[in-house]
Amino acid sequence: MSGKLYVVGTPIGNLGDLSPRAVETLASVDFIAAEDTRVTMKLLNHFDIKKEMVSYFEHNKRERGEVICSRIAGGETCAIVTDAGMPAISDPGEDLVKLCHQMGIEVESVPGPTAFATALAISGMESGRFTFEGFLSVNKKSRREHLEDIKDERRTLIFYEAPHKLANTLADLYKVLGDRDIAIVREITKLHEQVIRTTLGQAVQTYADGKLKGEIVLVIQGKKEDESTSLTFEDAVDMAKSLVENGMSVNAAAKEVAAQTPFKKGDIYKAIL
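Draft legend 1. Just the packing of aromatic side chains, in detail. Summed over the entire model, instances satisfying the criterion amount to five aromatic pairs. When the centroid spacing of 4.4 Å and the interplanar angle of 15° are considered together, the rings of Phe 116 and Phe 132 count as stacked. Highlighted residues: Phe 116 in helix α5 (residues 115-123) and Phe 132 in strand β6 (residues 130-135), separated in sequence by 16 residues. Ring geometry for Phe 135 versus Tyr 160: centroids 5.5 Å apart, planes at 65°, classification edge-to-face. One end of the pair, Phe 135, is in strand β6; the other, Tyr 160, is in strand β7 (residues 156-161), with 25 residues separating them in the sequence. Overall, the relative accessible area of 11% leaves Tyr 160 in the buried class. Each member of the aromatic cluster is reached from another via a ring pair, and the members are Phe 116, Phe 130, Phe 132, Phe 135 and Tyr 160. The ring centre of Phe 31 lies 3.9 Å from the NZ or CZ of Arg 71, which sits over that ring.

Draft legend 2. Molecular detail of the environment of Leu 173. Positionally, Leu 173 belongs in helix α7 (residues 166-177). What makes Leu 173 buried here is its relative accessible area of 0%. Residues Leu 173 and Leu 147 lie 26 residues apart in sequence; the distance between their C-alpha atoms is 7.3 Å. Setting aside anything within four residues of it in sequence, one finds Leu 173 in contact with Leu 136, Leu 147, Phe 159, Gly 178, Leu 200, Leu 218 and Ile 220.

Draft legend 3. Seen up close, unusual backbone geometry. Despite not being glycine, Ser 90 has its phi angle at roughly 50°, a positive value. Assignment of secondary structure puts Ser 90 in the loop between β4 (77-81) and α4 (93-102). Assessed through its relative accessible area of 39%, Ser 90 is described here as partly exposed. A positive phi is found at Glu 187, a non-glycine position, where the angle reads about 55°. Topologically, Glu 187 is positioned in the loop between β8 (181-186) and β9 (194-199). Judged by relative accessible area, which is 14%, Glu 187 ranks as buried.

Draft legend 4. Local environment of the nonpolar core. With 33 residues, the main nonpolar core has Leu 173 and Ile 184 as its most contacted residues. For this core, the element with the highest residue contribution is α7, accounting for six residues. Sequence-distant contacts of Ile 184, that is, excluding residues within four places in its chain, are made with Gln 194, Val 195, Ile 196, Ala 203, Tyr 207, Leu 212, Ile 216, Val 217 and Leu 218. Judged by nonpolar contacts, the second largest core, of 16 residues, contains Val 54, Ile 68, Cys 69 and Leu 96.

Draft legend 5. Broad picture of the environment of Gly 3. In this fold, Gly 3 is placed in the segment before β1 (4-8). The exposure class of Gly 3 is partly exposed, given its relative accessible area of 22%. C-alpha separation for the pair Gly 3 and Cys 78, spaced 75 residues apart in sequence, amounts to 7.9 Å. Those residues in contact with Gly 3 that lie beyond four places of it in its chain are Ile 72, Gly 75, Glu 76 and Thr 77.

Draft legend 6. Representation of the sheet that holds strand β10 (residues 216-220) within the structure. Taken in spatial order, the five strands of this open sheet run β6-β7-β10-β8-β9, and their pairing is mixed. Only two strands of the sheet have a single neighbouring strand rather than two, namely β6 and β9. Here the strands of the sheet are splayed against their neighbours by 20° on average, with no regard to which way each runs. With five bridges joining them, β7 and β10 adopt antiparallel strand pairing. Paired with Glu 161 across the bridge in β10 is Ile 216. In the packing of helix α6 (residues 140-150) onto the sheet, the strands contacted are β6 and β7, and the crossing angle to β7 comes to about 160°.

Here is what the cut-offs are and how they apply
- Residues numbered from 1 in each chain as written.
- Predicted model: local features only at pLDDT ≥ 70, side-chain atom pairs only at ≥ 80, totals over all residues.
- Heavy atoms only, no water.
- Phe/Tyr/Trp six-rings, centres within 6.5 Å; stacked < 30°, edge-to-face > 60°.
- Helix = DSSP H or I, 4+ residues; strand = E, 2+ residues; numbered from the N terminus.
- Buried < 20%, exposed > 50% of the residue type's maximum accessible area, 1.4 Å probe, protein only.
- Lys NZ or Arg CZ within 6 Å of the ring centre and 35° of its normal.
- Contact = heavy atoms within 4.5 Å.
- Core = buried A, V, L, I, M, F, W, Y, C linked by side-chain atoms within 4.5 Å.
- Pairing = 2+ DSSP bridges.
- Axes fitted to C-alpha atoms, helices over the stretch in contact; angles between N-to-C directions.

In structure tokens form, the structure reads like this:
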């Protein structure tokens, strides 16, 4: 092999999903750039591959990327892997691939599982047109701006989320997007793989306790035409009550729902009380 970067997809959970070509590539390259060397070591050990690894993750990607590219430019081959799934998708590998292109280094794909595409495929949601939104920011301002930017998006929306952040994310999604169909897809390819079909309003109430575990992908219905006009006053009151049950004040909940619907804040406020 001449100097080259191989972008290698690794299993989301089931090690049996690593392709023969991926095994061959990992065994053949000069070194592997891994998001977490401890996670990748388990994968390599399973396939009896012994290989030099260098860590490459969000907080060292700038300096480490230059070192990796320098080695590849010198004639070495490198495979980049993430902990699970396809590198460079909501992943710092994106920066390494970009740097390689800028330096004229050849990049080759060795595709594997991708969580958002797999989740969409088994979600039962509309898949003709969709938009992948990655992780929502933990910064409140950035998070709010992101959600406001997509609230009128008609394509199916896909998000990644960590289990300990799920309750807050569902509440924020419900607050901005209103009540829509959602598929909560968890533990893809693992023993407890599950697709939970529900609505955002129901999900806010059911999963507020934070007990739903595992890696999670949220697949959410896009905005329907004239969605707000189809809402009844009772729907608006139910939306506000759900927000109150999730910790919001009655006044704030009434104001929030009034901004999303044709109904007045005062009327919603009285109905809740």
